[in-house]
Amino acid sequence: LHYSIDGLLTDARASNVLLRELAHLYEHPDVELPALELSFRDYVLAEKNLESSELYTRAETYWKERIPGLATAPELPLACDPRTVESPHFERVEGKLPRETWERVKGWASQRGITPTALLLAAYSEALATWSKNCRFTLNLPMANRLPLHPEVDAIVGDFTSVTLLEVDAGGEAYRFVATPGADALGRFESCKLATALRRAGVPRAAATSRYVEPPA
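Residues numbered from 1 in each chain as written. Predicted model: local features only at pLDDT ≥ 70, side-chain atom pairs only at ≥ 80, totals over all residues. Heavy atoms only, no water.

1. Considerations on the overall build of the protein
A tally of helices and strands in the protein yields 7 helices and 3 strands. Order of helices (α) and strands (β) in the protein, N terminus to C terminus: α-α-α-α-α-β-β-β-α-α. Each of the 217 residues in the protein was classed as buried or not, and the buried ones make up 27%. Taking as baseline every contact in the protein between residues at least 6 positions apart, the subset at least 24 positions apart corresponds to 75%. When the accessible surface of the protein is totalled, it reaches about 15200 Å², and 56% of it is carbon and sulfur. (Helix = DSSP H or I, 4+ residues; strand = E, 2+ residues; numbered from the N terminus. Buried < 20%, exposed > 50% of the residue type's maximum accessible area, 1.4 Å probe, protein only. Contact = heavy atoms within 4.5 Å. Areas by Shrake-Rupley, 256 points an atom, 1.4 Å probe, with all protein chains shown as cover.)

See below:
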């Protein structure tokens, strides 16, 4: 069984939903999956309605006030201007820790009230700061923004990926992640609208992204 799909159509979680259902049908070909009342279109329209909410307005106001002082992307040494590259080519660079080491690292972080995500983000920021001309910069962080707007929201397929901005100050002895509103408000002001506001303000968009994958159990 071969599975191939455009990454613009689904996010990782939605792909898992598809693969899980395909595996179930493969093992039980006579089973009929229950019909869903909710579609991705329904979700998009419901999310659009949030733009008239007070929560969305607060998030929009916050980001527009942050834009003038928002740090730019890391100024990394480049072989050439990316805008001159006619045929971009991407390569994945990865590293792996033995499970025992990773468990010890997570235990160390947990004792200090640090999540694995925050710990690895700090390490990633340090690596960027080592090469960046500016020690204060902003990162693009992809995030799953599947809001609980309906009981069936976890069962539908679509691209719920969004991007949030994290400002990093690596100029002192300790790294400082500039505080932002809670995730419940942060995700309401869509990344595309934020990017538009940044462009209108003449602020270069943050160019670095990061992600990590938890080792399988």
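2. Things to note about the side chain of Arg 66
On the secondary structure map, Arg 66 appears in helix α3 (residues 54–66). Engagement of the side chain of Arg 66 in a polar contact is seen with the side chain of Glu 167, the distance being 2.5 Å. (Polar contact = N/O pair within 3.5 Å; in protein donor to acceptor, adjacent residues only side chain to side chain.)

3. As for a nonpolar patch on the surface
A surface patch of nonpolar side chains, about 360 Å² in accessible area, is lined by Leu 76, Leu 78 and Trp 131. Along the chain, Trp 131 turns up in helix α5 (residues 116–131). Trp 131 gets classed as exposed once you look at its relative accessible area, which sits at 61%. (Patch = residues over 30% accessible without salt bridge, like charges linked within 9 Å, V, L, I, M, F, W, Y side chains within 5 Å. Salt bridge = Lys/Arg side-chain N within 4 Å of Asp/Glu carboxyl O.)

4. With respect to the pattern of salt bridges
Scanning all chains against the criterion turns up 10 salt bridges. A salt bridge links Glu 103 to Lys 106, with the shortest nitrogen-to-oxygen separation between them at 3.7 Å. One end of the pair, Glu 103, and the other, Lys 106, are both in helix α4 (residues 99–111), 3 residues apart, so they sit about a helical turn from each other. When its relative accessible area of 39% is taken as the criterion, Glu 103 is described as partly exposed. Salt bridges sharing common partners tie together Arg 66, Arg 136 and Glu 167.

5. Some points on the side chain of Ser 15
Looking at where Ser 15 falls in the secondary structure, it is placed in helix α1 (residues 12–27). Ignoring any residue separated from it by four or fewer positions in sequence, one finds Ser 15 in contact with Tyr 3, Ile 5 and Thr 10.

6. Topic: the environment of Val 105
Positionally, Val 105 belongs in helix α4. On the basis of relative accessible area, Val 105 is assigned to the partly exposed category, the value being 25%. Sequence-wise, Val 105 and Pro 116 are 11 residues apart; in three dimensions their C-alpha atoms are separated by 8.4 Å.

7. Quick look at the packing of aromatic side chains
Under the criterion given, the structure shown has 4 aromatic pairs. A centroid spacing of 4.8 Å and a plane angle of 75° characterise the contact between Tyr 43 and Phe 160, whose relative ring orientation is edge-to-face. On the criterion of sequence distance, the pair formed by Tyr 43 in helix α2 (residues 40–49) and Phe 160 in the loop between β1 (136–144) and β2 (161–169) is long-range, its members being 117 residues apart. You can call Phe 160 buried: its relative accessible area is 4%. Measuring from ring centre to ring centre gives 5.3 Å for Tyr 62 and Trp 63, while their planes differ by 80°; the resulting arrangement is edge-to-face. Aromatic ring contacts, followed pair by pair, group Phe 40, Tyr 43 and Phe 160 into a single cluster. (Phe/Tyr/Trp six-rings, centres within 6.5 Å; stacked < 30°, edge-to-face > 60°.)

8. Points about the confidence of the model for the protein
The predicted model of the protein has a mean per-residue pLDDT of 81, with 78% of residues at 70 or higher. Long-range and interchain partners of residues 179–188, a stretch whose pLDDT sits below 50, account for 20 contacts in this model, where long-range means more than four residues apart. Low pLDDT (under 50) marks residues 207–217, which in the prediction has 23 contacts with non-local residues, meaning those over four places away or in another chain. (pLDDT = per-residue confidence, 0-100.)

9. Some details on α1
In this model, α1 (16 residues) spans 22 Å end to end at C-alpha, consistent with the 22 Å of a helix rising 1.5 Å per residue. Within the span of α1, buried status applies to Ala 14, Ser 15 and Val 17. Each buried residue of α1 sits inside an arc of 155° when the element is viewed along its axis, so together they form one side. Across from the buried face of α1, at angles greater than 90 degrees, the exposed residues are Ala 12, Arg 20, Tyr 26 and Glu 27. (Expected span 1.5 Å × (residues − 1). Arc of directions from axis to C-beta.)

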